[in-house]
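# Breakdown of the fold
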Amino acid sequence: ADADRAPTFHVADRFTVRQGDLWTYRIDGSNFDSNDPDDALRFTSDHLPPGATLDVETGTFRWEVVYDNAYTGDIDIPFVVSSGELTTTGEILVHVIDVHASPSFESMRGWSVFEGQSLAIQAFAFDADQPAFRLPQRNDDGSLDPPNANSPVIYQATNLPEGASFDAETATLTWTPTFDQSGD
């Protein structure tokens, strides 16, 4: 009697991608017992990197490569190809190139303030290379909370209206417009 045979697959030796890439790859699997519809191949992985998906039926692996230093260099992505009862394990070796992403500001539109009213706006720019960083706040005594928070982004403001100030360490613009500063 013919014995069931484990599925086979082919994966290229190594792939190279850059942080921020949207990468798609189809794992090429074969089932020698494919005449039996109950033996359709299934593709799974218990250790996909953040931002990755694996289609169970087609073996299509999609990954929006995250900006995270933990995922640079050589990354082994394990997977399993199953024909129902028999399985074969393998891995995709991906070399991830560290790319320094440009910081991006959230929208700052729509601010309005009355004459004589104080305004304080913190202009945070997200840096994908340092996604956990949060801007410090200035305490009443002038110290920063948290102390020694070194921003990966350098902030500066130019052409401020008279009386306005900008704190580059907290990325905060403060201003109290006078009664002769009304307008757009």
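Before reading further, recall that the structure is shown in the block above.
This write-up is about the structure you can find in this document. The residue numbering used here restarts from 1 in each chain and proceeds along that chain's sequence as written. At least 70 in pLDDT is required for a residue's local features to be given in this predicted model, at least 80 for side-chain atom pairs to be given and counted, and no such filter applies to totals for whole chains, interfaces and linings, which use all residues. No hydrogens and no water enter the side-chain calculation; it runs on all heavy atoms of the structure.

Right, let's get into the sheet that holds strand β15 (residues 165–167). As a general point, the strands of a sheet are linked pairwise by backbone hydrogen bonds and lie either parallel or antiparallel. Sheet architecture is open: 3 strands sit in the order β11-β16-β15, paired in antiparallel fashion. Unpaired on one side and paired on the other, β11 (119–122) and β15 mark the two borders of the sheet. The average angle at which neighbouring strand axes cross in this sheet is 20 degrees, direction not considered. Following DSSP output, two strands are said to pair if at least two bridges run between them. Secondary structure counts use DSSP, requiring at least four H or I residues in a row for a helix and at least two E residues in a row for a strand, with both numbered from the N terminus. Helix axes use the C-alpha atoms of the stretch in contact, all axes being lines fitted to C-alpha atoms, and the angles between their N-to-C directions lie in the range 0 to 180 degrees.

What follows concerns the pairing of strand β3 (residues 22–26). Accessible area is worked out with a 1.4 Å probe on protein chains only. A residue is then buried under 20% of its type maximum, exposed over 50%, and partly exposed in between. By the alternation rule, side chains of β3 split into Trp23 and Tyr25, which are all buried, and Leu22, Thr24 and Arg26, of which none is buried. In terms of strand pairing, β3 meets strand β7 (residues 60–64) through 5 bridges, oriented antiparallel. Opposite Arg26, over in β7, you have Thr60 as the bridge partner.

What follows is about the sheet that holds strand β2 (residues 15–18). Across the sheet, which stays open at both edges, the 4 strands sit in the order β2-β9-β8-β5 with mixed pairing between neighbours. Sheet topology places β2 and β5 (42–44) at the edges, where each strand pairs with a single neighbour. Recorded for the sheet is a direction-independent mean angle of 35 degrees between the axes of neighbouring strands. Where β5 lies against strand β8 (residues 73–82), 3 bridges are found, and the strand directions are antiparallel. Paired with Arg42 across the two strands is Ser82, which belongs to β8.

Attention now goes to the pairing of strand β9 (residues 87–97). The side-chain alternation of β9 yields one buried face, formed by Thr88, Gly90, Ile92, Val94 and Val96, and one unburied face, formed by Thr87, Thr89, Glu91, Leu93, His95 and Ile97. Where β8 meets β9, 10 bridges bridge the pair, whose relative direction is antiparallel. Within the sheet, the bridge partner assigned to Gly73 lies in β9 and is Val96. Hairpin remark: β8 followed by β9, antiparallel, with 4 residues in the connecting loop; positive phi at Gly84, about 120 degrees.

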